[in-house]
Amino acid sequence: QHVEHILANVETATAQFIKLQSQADKVLAGFPALTADARRTLSHADALTGEFNNLSRDMRKELKTMTEKAGNLAESGTATSNMLVQTTLPRANVLMVELQATTRRFKHVVSILEADPQAFLLGAGQTQAGPGESGYDETMEPTEVTK
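The sections below set out a description of the structure shown in this document. What you see is a predicted model, and the numbers here were worked out from it, not measured in a lab.

1. Observations regarding the overall build of the protein
Assigned secondary structure in the protein consists of two helices and zero strands. Relative to its length of 147 residues, the protein is extended, with a C-alpha radius of gyration of 54 Å against a globular reference of 15 Å. With the C-alpha coordinates aligned to their principal axes, the bounding extent of the protein is approximately 170 × 35 × 25 Å. Expressed as a percentage of its 147 residues, the buried residues of the protein come to 3%. As displayed, the protein has an accessible area near 13,400 Å², and 62% of this comes from carbon and sulfur atoms. If you average the places of the 14 positive and of the 18 negative side-chain charges in the protein, the two averages end up 14 Å apart.

So this is what it looks like as structure tokens:
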């Protein structure tokens, strides 16, 4: 009876093994297609990796160029700033001071001409010397002007 039971179990195991082998055959039949798909995927992955490498190399070149140009621009800006501070602004300041002095003199000439238009042709008249100045004459009237 044990032998019958063992043989029945062997028969059941054999039937299960046959089913398993049938399923394994189906799986193994699809394996070449799966392998081909995996190879295509790896080929595309290799191509993509190559493109990323090229892109990375190009980006490094561009970044290096941009860094160099930014450095040159910074140097130019510094040089321009130094020239502006050391040369141009002091000259502009001197020019402004001279312009202010010229404007004051011009205003003085205009006020003289407004007060005495003949001074344009004859020149400005001499003013009378005041107290404490050389040539002061106490006997002269203060409103008298010598021409």
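2. Examining the pattern of salt bridges
Between side chains of opposite charge, a pair can form as their charged atoms come close. Tallied over the full model, the rule gives one salt bridge. The closest approach of N and O atoms between Asp37 and Arg40, which form a salt bridge, is 2.0 Å. A residue pair is termed a helical-turn pair when its members lie 3 or 4 positions apart in one helix, as Asp37 and Arg40 do in helix H1 (residues 2-115) at three residues. A residue is classified by how much of its surface remains accessible, and Asp37, at 37% relative accessible area, is partly exposed. Its relative accessible area of 47% is what places Arg40 among the partly exposed residues.

3. Regarding a nonpolar patch on the surface
Side chains of Leu48, Phe52, Leu55 and Met59 sit close together on the surface and give an oily, nonpolar patch of about 420 Å² of accessible area. Residue Met59 is classed as exposed on the basis of its relative accessible area of 54%.

4. Side note on the environment of Ala36
With respect to the secondary-structure elements, Ala36 resides in helix H1. What makes Ala36 partly exposed here is its relative accessible area of 29%. Considered as a pair, Ala36 and His5 are 31 residues apart in the sequence and their alpha carbons are 47 Å apart.

5. So, the environment of Glu98
Relative to the helices and strands, Glu98 resides in helix H1. Along the backbone, Glu98 and Gly30 are 68 residues apart, and their C-alpha atoms lie at a distance of 97 Å.

Criteria and thresholds
Residues numbered from 1 in each chain as written. Predicted model: local features only at pLDDT ≥ 70, side-chain atom pairs only at ≥ 80, totals over all residues. Heavy atoms only, no water. Helix = DSSP H or I, 4+ residues; strand = E, 2+ residues; numbered from the N terminus. Rg over C-alpha atoms; globule rule 2.2 N^0.38 Å. Buried < 20%, exposed > 50% of the residue type's maximum accessible area, 1.4 Å probe, protein only. Areas by Shrake-Rupley, 256 points an atom, 1.4 Å probe, with all protein chains shown as cover. Lys, Arg positive; Asp, Glu negative; His and termini not counted. Charge placed at Lys NZ, Arg CZ, Asp CG, Glu CD. Salt bridge = Lys/Arg side-chain N within 4 Å of Asp/Glu carboxyl O. Patch = residues over 30% accessible without salt bridge, like charges linked within 9 Å, V, L, I, M, F, W, Y side chains within 5 Å.

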